[in-house]
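# What the coordinates show
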Amino acid sequence: MEKMMDLLAQELSAAFEKAGYDSSYGRVTVSNRPDLCEYQCNGAMAGAKAYHKAPIVIAQDVVEKLSDSQVFSMAEAVKPGFINLKIKETFLSGYLQKMHTAQLLGAEKTQNPKTIIIDYGGPNVAKPLHVGHLRSAIIGESIKRMGRFLGHEMIGDVHLGDWGLQMGLIITELKHRQPELVYFDESYEGEYPKEAPFTIGELEEIYPAASAKSKGDESFREEALEATHLLQQGRPGYMALWNHIMRVSVTDLKKNYEKLNVTFDLWKKESDAQPYIPAMVEEMREKGYAYMDQGALVVDVKEETDTKEVPPCMILKSDGASLYTTTDLATIVEREKLFHPDEILYVVDKRQEMHFVQVFRCAKKTGLLPQETKLSFLGFGTMNGKDGKPFKTREGGVMRLEHLIEDINEEMFHKIVENRSVKDKDARQTAQIVGLSAIKYGDLSNQATKDYIFDIDRFTSFEGNTGPYILYTIVRIKSILNRYEQENKDTENGEILEAANESEKVLMLALTGFPAVVEGAFEEKAPHKVCSYIYELANAFNRFYHETKILSEEDERQKASWIQVLLLTRKVLETSIDLLGFSAPERM
Ligand code: ARG
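From a predicted model like this one, the values you see are computed outputs, not experimental measurements. Numbers given to residues run from 1 along each chain, matching the order in which its sequence is written. Local features in this predicted model are restricted to residues of pLDDT 70 or higher, and side-chain atom pairs are both shown and tallied only at a pLDDT of 80 or more, whereas totals for entire chains, interfaces and linings draw on every residue.

## So, the sheet that holds strand E10 (residues 343–349)
One open sheet holds the 4 strands; their spatial order is E6-E5-E10-E11, and the pairing between them is parallel. Whereas interior strands pair on both sides, the edge strands pair on one side only; in this sheet they are strand E6 (153–157) and strand E11 (374–380). Between one strand and the next, the sheet's axes are offset by a mean angle of 20°, whatever the strand orientation. The pairing of strand E5 (residues 115–119) with E10 spans 4 bridges and is classified as parallel. Across the sheet, the residue bridging to Ile118 is Leu345, located in E10. Placing C-beta atoms from the backbone, we regard two residues as in contact once those atoms come within 7 Å. Only the stretch in contact is used when a helix axis is fitted, and all axes are lines through C-alpha atoms; the angle between N-to-C directions ranges over 0 to 180 degrees. Numbering of helices and strands runs from the N terminus, with a helix taken as a DSSP run of H or I at least four residues long and a strand as a DSSP run of E at least two residues long. Across the face of the sheet, helix H12 (residues 353–365) comes into contact with E10 and E11 while running at roughly 180° to E11. Paired strands, as defined in this entry, are two strands with at least two bridges between them according to DSSP.

Structure below.
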């Protein structure tokens, strides 16, 4: 199905041509004077120079050719040379009718499906999930869903951080607390216990304790580094502990992501890339890309056009240990081998940008990937508290994700029971659904690359540009549709008639924008565009709702037409929030 804007431009281009001008001047945009017109074309102004004519003359010539247009009910040339346009009611209602039954609501399934690995979430095992990981999960999930909607093969990988110092810290702390455990007995050769020597609760206490200790206690830190090293070399007792840590934390992580309505296709981890490192390093050396610099093995990744310094990409430390870059490079090797992707997209804190510049350049330069494979980085900004500083608990600590979710749900629960009488259990369930919309919409409605302020009061409000407001609008539509159905009328049939009033026309025009918005939002990796679109759509709907007595309308054809418009509005809103990664309750 063609996009509304394209159809309008075609009509205009044809008119330019008929009037003897080049068709390329027929570009149409949404009007910036909605009081005067719905769309506008500035082509006459653009063409004035080429044709040595006053723009208004060209505009008049073109407008003349639009007098019997099936698309525009009004085409007006206004000084100095704008063409103001209004769309024909029958054309508009016909378009919506088609959109209603079209695949993907009129958006186009890609002709050229790509395999895209999307690396997001990125939690670190054994460290509790904190709000810093929230953005990656929310933004990545939404982009994954949009790509899938448009027909791409999206492979979401959580890429667990399981291989770093945190593991050595935990092992060392355990060793201090319980040296008698069999894992620390180097001469032990039997089987290791199946049960982990800790619960997730204990694990979450052990890590921060160890991390704090390592900051003040140099010998403890040394010990932890050594333990990390031994683990990476495969010492059996440590491997057994690592397996326990992994099992216990992954179970917990999955529970948390489920609460966020975030799912991964792959639960790969940094350590999975380890087997690829030796051959990769060897090849970099052999081909002459990697060289020794002050004991470390590095690859130069500077480019002539660089405006800021891009340091060499470090491959191995002087003690031979691998680094974050090494792991990411080896992960690329693995991904290429397993999936042969067209693109790998990383959704990571923008403070890691330089790391990815180095990794991408090094991967391309050393030929880990075909030249045409795209490596992209979507770096997101920081989630700040109302004070403009990184979000913290009231006590000033790092906010755990679980607690943030609990706080929001509690707030939502109170709002819901205040609003209407409802059983506690139902209200709790609804609060969870609405709470998630508050968090996700609050995040996604900001441009991903910018920092934003996480403001619980604003995000949970039922009014304004918020998730709960969007859900409230959907619930309102559902309730009208339910009442209509209770009168035993089927909602299947009904033709969309011409807009009955101005507010309905505005709503209809807004509906036609959906296909272009989703395609653009995916293209630009910009879920915030879907948010601003549905906010505008919800506003248009609510205005129409307040100005129109839908259910008491006596003209049955008119009523049935409005029901179709409601159905379409609900479908567009529900599809959009699904792409953003949340859903609407039945009531709220
Ligand atoms: N675990 C990392 C962190 O918390 C994020 C991982 C991002 N992905 C990657 N391939 N480096 O900082």
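## Some words on the site of the ligand
Contacts to the ligand come from Asp119, Gly122, Asn124, His159, Gly161, Asp328, Tyr346 and Val348. Residue classes follow a fixed rule: Ala, Val, Leu, Ile, Met, Phe, Trp, Tyr, Cys and Pro count as nonpolar, while Asp, Glu, Lys and Arg count as charged, and any other residue, Gly among them, counts as polar. Of the residues assigned to the shell around the ligand, the class counts are 2 nonpolar, 4 polar and 2 charged. The rule is simple: place the C-beta atom from the backbone, and if it lies within 6 Å of a molecule or strand, the residue is near it.

## Considerations on the domain arrangement of the protein chain
How big an interface is tends to be reported as the loss of accessible area on association of its parts. Where a domain begins and ends is set by an automatic assignment or by a domain database. In terms of domain boundaries, the protein chain breaks down into domain 1 (4–87), domain 2 (165–259) and domain 3 (401–580). Spacing between the C-alpha centres of domain 1 and domain 2 amounts to 70 Å.

## With respect to the UniProt feature "domain: DALR anticodon binding" (unreviewed entry) in the protein chain
UniProt positions are given in the numbering used here, feature names are shortened, and annotations may be inferred rather than shown by experiment. Those places that UniProt annotates as "domain: DALR anticodon binding" (unreviewed entry) correspond, in this numbering, to residues 470–588. As annotated, residues 470–588 has a helix share of 70% and a strand share of 0%, and its two end C-alpha atoms lie 12 Å apart.

## Some words on the UniProt feature "short sequence motif: 'HIGH' region" (unreviewed entry) in the protein chain
UniProt marks residues 123–133 with the feature "short sequence motif: 'HIGH' region" (unreviewed entry), using the numbering shown here. Annotated as residues 123–133, this span is 27% helix and 0% strand, and its ends, taken at the C-alpha atoms, are 6 Å apart.

## Digging into the nonpolar core
Membership of the largest hydrophobic core comes to 140 residues, with the highest contact counts inside it found for Ile83, Val518 and Leu537. Among the elements that make up this core, the one with the highest residue count is helix H20 (residues 556–580) (10 residues). Summarising the domain contributions, this core has at least three residues from each of domain 1 (4–87) and domain 3 (401–580). Non-local contacts of Leu537, meaning those with residues more than four positions away in its chain, are made with Ala510, Leu511, Val572 and Leu573. With 23 residues, the next largest nonpolar core counts Ile171, Tyr207, Tyr238 and Trp242 among its residues. One nonpolar core equals one set of buried Ala, Val, Leu, Ile, Met, Phe, Trp, Tyr and Cys residues connected by C-beta atoms within 7 Å. Burial is judged by counting the other C-beta atoms within 10 Å of a residue's own C-beta: 20 or more makes it buried, 12 or fewer makes it exposed, and any count in between marks it as partly exposed, with every C-beta position built from the backbone.

## Thoughts on the environment of Gly43
Counting through the fold element by element, Gly43 comes out in helix H2 (residues 43–51). Separated by 44 residues in sequence, Gly43 and Ile87 place their C-alpha atoms 18 Å apart. Residues in contact with Gly43, not counting those within four places in the same chain, are Phe16, Tyr25, Gly26 and Arg27.

## Observations concerning the sheet that holds strand E8 (residues 296–299)
Read from one edge of the open sheet, 3 strands run E7-E8-E9, paired in antiparallel fashion. Taken across any chain shown, the strands that pair with only one partner, and hence form the sheet edges, are strand E7 (290–293) and strand E9 (313–316). Strand-to-strand twist across the sheet, computed as the mean angle between neighbouring axes with direction ignored, equals 45°.

## Here we look at the pairing of E5
Regular strands place their side chains on alternate faces of the sheet. Here E5 lies mainly inside the structure; 4 of its 5 residues are buried. Look down the strands so they point away from you; if going from the first strand over the helix to the second traces a clockwise path, that crossover is right-handed. In this fold, E5 hands off to helix H5 (residues 131–149), which returns the chain to E6; that crossover is right-handed.

## A word on unusual backbone geometry
The peptide bond linking Lys79 to Pro80 adopts the cis configuration, its omega dihedral lying at 0°. Note that Pro80 resides in the loop between strand E3 (72–78) and strand E4 (82–87). With a phi close to 45°, His159 is a non-glycine residue in the positive phi region. Within the secondary structure layout, His159 lies in the loop between E6 and helix H6 (165–177). The buried category is assigned to His159, around which 27 C-beta atoms lie within 10 Å. Unusually for a residue other than glycine, Gln294 sits at a positive phi of about 45°.

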